[in-house]
There are 2 protein chains.
Amino acid sequence: MAVTLDEVAEAAGVSKSTASRVLSGSSRVSDRTKRAVQSAAERLGYRPNRIASGLRTRRSNLIGLVITNLVNASFHVITEVLQQRLDERGYQVLLCVTDADPAREARYLDMLLDHRVDGLIIVGTGDNTEMVRQVGAAGIPVVNLMRTPQNVPGDSVMAADREGAELAAQHLIGLGHRRIAFIGGPAHIDSGRDRYAGFAAALAAAGLEPDPDLCARGPYTMAFGAEAARRVMAAERPPTALYSANHEATFGTLGALVQLGVRVPEQLSLVCHEEAPWFSYWHPPITVVDNGARDLGELAAEQLLRRIDSRPDIGGPGGPEGAGRLIRVGSRLVVRSSTTAPGRPGAAPLTP
Amino acid sequence: MAVTLDEVAEAAGVSKSTASRVLSGSSRVSDRTKRAVQSAAERLGYRPNRIASGLRTRRSNLIGLVITNLVNASFHVITEVLQQRLDERGYQVLLCVTDADPAREARYLDMLLDHRVDGLIIVGTGDNTEMVRQVGAAGIPVVNLMRTPQNVPGDSVMAADREGAELAAQHLIGLGHRRIAFIGGPAHIDSGRDRYAGFAAALAAAGLEPDPDLCARGPYTMAFGAEAARRVMAAERPPTALYSANHEATFGTLGALVQLGVRVPEQLSLVCHEEAPWFSYWHPPITVVDNGARDLGELAAEQLLRRIDSRPDIGGPGGPEGAGRLIRVGSRLVVRSSTTAPGRPGAAPLTP
């Protein structure tokens, strides 16, 4: 059983309230008493009851993290980074995986209010904005991550998806490609919408437009990626380049390209969106748009901690008025060996 | 700010203690009073203070999950499953990623004691068994997952790694392979040791023994997998089959095989350990030993919940005496298209 404060007080020969004053760091105690209590606490292995101190300080030291899944490389990197940064500051992560299910998300938000979390970081489905507002109204700082539904409180830390897509398309256009295929996410998710918009904008700036036969937009699944790759490669005039903007689908896309015998980059230049360690170990190493998952995690943690530190009810100066701040983490193009000019020597015609 | 119990009591026209009795589910209150308090609580949006009730009931409703990382497919599947199952029973997961660092693990165990978690699930480094014993001694049920250091308290839920490795090797031997390469984890980690032991046992049963030129054992990294694949494929007498028992290394191994132009399965049959969705989308779809990550998560959650329910200090019948129970989740071989008989028609000599 856990050692109680009473036992520490008795061993130190002081009253319970004196022992409590020492262990909560009060200065109104003599050095001798302080040493007696501290050594008794240490000898007995006493641990302050964090639940009781949470009631006193109105801090739970818990942060709710509401996230879509842990399979996506960006999501598991972000979760690892957030957990480490928050732990370094004494906060622990209550992990809530939604699987993009609004009902699960709603239950989690309710539960996190019950647990009196000190902050919330959420990759929102967009269907529970009223509940997220309730969290904000309860004085709990909120950071929206990667998705910013309309009318949610708090700050947002977002990837520069549109800019990243433009970098991918500009790189391929710059190499001389004109028939560029696009495999991306659905239009109702921020990243699906923004990456297609960036792709189309870069094409437009070069006097081109997306070819419907070469564009496939669908769910974040490997099955979709495999089917989409087969579809765009079977076009009457096949593409010379492919921008794979749907990370989950990319595994299916790569498998289908190997199956079709497509040689990268000789027959098809390839850019994938969202960095993952195995891209640089692939053959050929794959050119990617790095969306900065580590930085997204770092900045979300920093922004949340800053808001928590400024909460007026725990002695901070109070947060800023008005709407939250939007922080966008820039995308970077990492050029490896999967992209080259079209029709290079050695490039054979495509044989499906 | 949060609505207080005082405000609910005032709105319902009852005393604070009556309001408290109603909201904690006591039956010694009239139906009329009950309805008045409940409707006031609902109207005002009152939430019971879970911190205060945790102090009263000695339950925090928090479970510590100490795990190596979230990048490994087994680990992120296990984390998702555990979180969902525990949440369904009203428990929340405090996520602690160790990165296999014993110092971080020690800090987490200390913190989890402070937070008075109701249970601990740990993929242990093996360096903090004394602290894990302290957790058990504090009356907190412990489940050791995937790794069972010596002398730890609690139950263990383990993968059948040795059996799985035997299945992989027996499958390849059964197809007629005699020169079978092995790329695995280090000997001081359970899975590294057990998979090699199973591989060697299956070979011995067939009158064979591991060829040092074809065996590489090293860290759970892609870089190691790439280097190991190049090394075993460069052997004077190259292998006709490869058992890739190190999941993290597998990405590097596959990339190196593509780079070397090795055709699977015509030139090299391939079995990988630990299932991941993309194996079935690869070309060719890859034969795997499925270690049952989902079942590992399900059983760890079930076993922990059973122990929590039987804790004597919260009214349960008390746990069983003596050492904990070991539960082993069986491995399954999933045969896909990456394995075939050696020297099939069409198989060309290996050209590095």
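Above this text you will find the structure in question.
Residues numbered from 1 in each chain as written. Chains lettered and ligands numbered in written order. Predicted model: local features only at pLDDT ≥ 70, side-chain atom pairs only at ≥ 80, totals over all residues. Heavy atoms only, no water.

Focus on the overall build of chain A
Turning to step 1, where the next piece is worked out: In terms of helices and strands, chain A carries 12 helices and 12 strands.
Turning to step 2, where the next piece is worked out: Considering only residue pairs separated by 6 or more positions, chain A has 68% of its internal contacts joining residues 24 or more positions apart.
Turning to step 3, where the next piece is worked out: Here chain A has roughly 14800 Å² of accessible surface; of this, 50% comes from carbon and sulfur atoms. (Helix = DSSP H or I, 4+ residues; strand = E, 2+ residues; numbered from the N terminus. Contact = heavy atoms within 4.5 Å. Areas by Shrake-Rupley, 256 points an atom, 1.4 Å probe, with all protein chains shown as cover.)

Description of the environment of Asn69(B)
Turning to step 1, where the next piece is worked out: Mapping Asn69(B) onto the fold places it in the loop between strand 1 (62-67) and helix 5 (73-88).
Turning to step 2, where the next piece is worked out: Exposure remark for Asn69(B): the relative accessible area of 14% places this residue in the buried category.
Turning to step 3, where the next piece is worked out: Each C-alpha atom of the pair Asn69(B) and Asp99(B) lies 5.5 Å from the other, and the pair is 30 residues apart in sequence.
Turning to step 4, where the next piece is worked out: Those residues in contact with Asn69(B) that lie beyond four places of it in its chain are Glu80(A), Phe75(B) and Val97(B).
Turning to step 5, where the next piece is worked out: Here Val71(B) takes part through its backbone nitrogen, which lies 3.0 Å from a polar atom of the side chain of Asn69(B).
Turning to step 6, where the next piece is worked out: One polar contact links the side chain of Asn69(B) to the main-chain amide nitrogen of Asn72(B), over a distance of 2.9 Å. (Buried < 20%, exposed > 50% of the residue type's maximum accessible area, 1.4 Å probe, protein only. Polar contact = N/O pair within 3.5 Å; in protein donor to acceptor, adjacent residues only side chain to side chain.)

A look at the pairing of strand 8 (residues 241-244) of chain B
Look at any regular strand and the pattern is simple: side chains alternate between the two faces of the sheet.
Residue and element names in this part refer to chain B.
Turning to step 1, where the next piece is worked out: What you see with strand 8 is no split at all: Ala 241 and Tyr 243 on one side and Leu 242 and Ser 244 on the other are buried throughout.
Turning to step 2, where the next piece is worked out: As defined by bridge partners, strand 6 (residues 180-184) adjoins strand 8 across four bridges and the pair is classed as parallel. If you follow Ile 183 over to strand 8, its bridge partner there is Ser 244.
Turning to step 3, where the next piece is worked out: Relative to strand 9 (residues 269-273), strand 8 is paired through four bridges, and the arrangement is parallel. (Pairing = 2+ DSSP bridges.)

Re the pattern of salt bridges
Turning to step 1, where the next piece is worked out: Scanning the entire structure with this criterion turns up 32 salt bridges over all chains.
Turning to step 2, where the next piece is worked out: A salt bridge links Asp87(A) to Arg107(B); the shortest N-O distance between them is 3.0 Å. In this pair, Asp87(A) sits in helix 5 (residues 73-88) while Arg107(B) sits in helix 6 (residues 102-114), so the two residues belong to two different chains.
Turning to step 3, where the next piece is worked out: Residue class for Asp87(A) comes out buried when judged on its relative accessible area of 8%.
Turning to step 4, where the next piece is worked out: Residue classification places Arg107(B) among the partly exposed positions, given a relative accessible area of 42%.
Turning to step 5, where the next piece is worked out: The closest approach of N and O atoms between Arg195(B) and Asp161(B), which form a salt bridge, is 2.9 Å. With Arg195(B) in helix 9 (residues 190-205) and Asp161(B) in helix 8 (residues 161-174), this residue pair connects regions lying 34 residues apart in the sequence. In terms of burial, Arg195(B) and Asp161(B) fall into one category: buried. (Salt bridge = Lys/Arg side-chain N within 4 Å of Asp/Glu carboxyl O.)

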